[in-house]
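Examining the three-dimensional arrangement
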Amino acid sequence: GSLYSTYEFIERNLKAKVYAADEIAFTPSKNIKLLNMDIREVPDISRRAISNYQVTNNSTYRRRMRFMLHTENWTYWTHSHFGLIPKETYYEDHKDWYSPDGTQLCLTNEEMTAEMIKNVIAFLEENPNEEIVTLGQQDRNSFCECSICSPQVMKYKESGVMIRFVNKVANAVQAHFDAKGEGRKIQFATYAYQKTQVPPVDNNGKALDSSVYPANNVSIIIAPLSACYIHPINNTDCNAIAKQTFEGWQKLNATIYVRFYSAQYAYYFVPFIQYGNMAKNYEIVDEYGAEYIFDTAIGETMSSGFHDLLAYLKSELMWDHSQNVRGLIDHFM
């Protein structure tokens, strides 16, 4: 807040504007009369991040565009299960901690859950500045099908089994730090992604069980991998599953984080067409109560598709999605 208000002060008094890492406009003057300012701004999305080569690798530029690095104060950021319960350490002696095909953890295994709690606590003790921990499944469209998980999936769906596991870990870890009396609060996040994307609600949007409500310190990262970005994210023709996902998790009172996918991942040099619905999608997820957006594009290399313009637009629209996209594009050009 202090940093962004400083930027705002400079922008308004010097008529300055950051457009790219190497492009800052300002009005030169020998005499500047400072404005009498009393301004309060609340961004539409409180935590904003994108993967863009320049933004990812230039912290000064990132700050000036009012982005955070998506991993900032956030440990085990993404698909973390095997990072916390590594197969090379546990698999030989504890095969039942993993799914029969070895691609995921068995989330109903009590011994594995106890070890997960122990490992998360140990990591957080060693890293006192971390605030968010992701408990996310491996990046495979699979789920444990053991004799215990399968009937629970029938009752709660894969997402419900996941939430019950994450709640158990989150509650135990927070209880540990509460007992120390230091006031440290840990936020957990888990994925609504692939097998776990569809929320544990019935056709009327009612929770399948009281245990599938995310705990107060558990956030849901909705990651609609197969969504169509040519149309709004809640379009009933091509994004019906994404719409169902957002509405279901909202009815479960979930704190919603969003991970969009704005790239042709098989062909990085093909521009990804997203201008038409960028502002609309930010508006839609804001209405669903999203507190965080990570707009995943191309962070590993420079690419085509006007990447500086895209960073500028995403910065402006995540802050205030009511702005006119065409006007912003014309101004940037």
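Scroll up to find the structure.
Summary of the structure given here. (Residues numbered from 1 in each chain as written. Predicted model: local features only at pLDDT ≥ 70, side-chain atom pairs only at ≥ 80, totals over all residues. Heavy atoms only, no water.)

With that settled, the discussion passes to empty space enclosed by the protein. Counted under the stated rule, the structure contains two cavities of 30 Å³ or more. In this structure, the largest cavity spans a volume of roughly 190 Å³. At the level of secondary structure, the elements contributing two or more residues to the lining of the largest cavity comprise strand 3 (47–52), helix 2 (53–57), strand 9 (292–298) and helix 10 (307–319). For the lining of the largest cavity, the element with the highest residue contribution is helix 10, accounting for four residues. Residue composition of the lining of the largest cavity, grouped by class: twelve nonpolar, ten polar and one charged. Of the pockets and cavities examined, the second largest cavity occupies roughly 70 Å³. As for the second largest cavity, its lining consists of Tyr 229, Phe 260, Ser 262, Gln 274, Asn 277, Met 278, Asn 281, Tyr 282 and Asp 295. Here the lining of the second largest cavity takes three residues from helix 9 (residues 278–287), the largest share from any one element. In the lining of the second largest cavity, the residues fall into four nonpolar, four polar and one charged. (1 Å grid on protein atoms, 1.4 Å probe; cavity = no way out; pocket = protein on both sides within 12 Å on 5 of 7 lines; lining within 4 Å. Points joined across faces, edges and corners; volume = space filled by probe spheres on them. Helix = DSSP H or I, 4+ residues; strand = E, 2+ residues; numbered from the N terminus. Nonpolar A, V, L, I, M, F, W, Y, C, P; charged D, E, K, R; others polar.)

For the structure on display, the rule yields 20 aromatic pairs. Arranged with centres 5.5 Å apart and planes meeting at 40°, the rings of Tyr 19 and Tyr 312 form a pair that is tilted. Of this pair, Tyr 19 sits in strand 1 (residues 17–20) while Tyr 312 sits in helix 10, and the two are 293 residues apart along the sequence. Tyr 312 matches Tyr 19 in its accessibility class, with the two residues each being buried. Relative to Tyr 265, the ring of Tyr 261 has its centre 6.3 Å away and its plane inclined at 80°; by these criteria the two rings are edge-to-face. Residue Tyr 261 is classed as buried on the basis of its relative accessible area of 8%. (Phe/Tyr/Trp six-rings, centres within 6.5 Å; stacked < 30°, edge-to-face > 60°. Buried < 20%, exposed > 50% of the residue type's maximum accessible area, 1.4 Å probe, protein only.)

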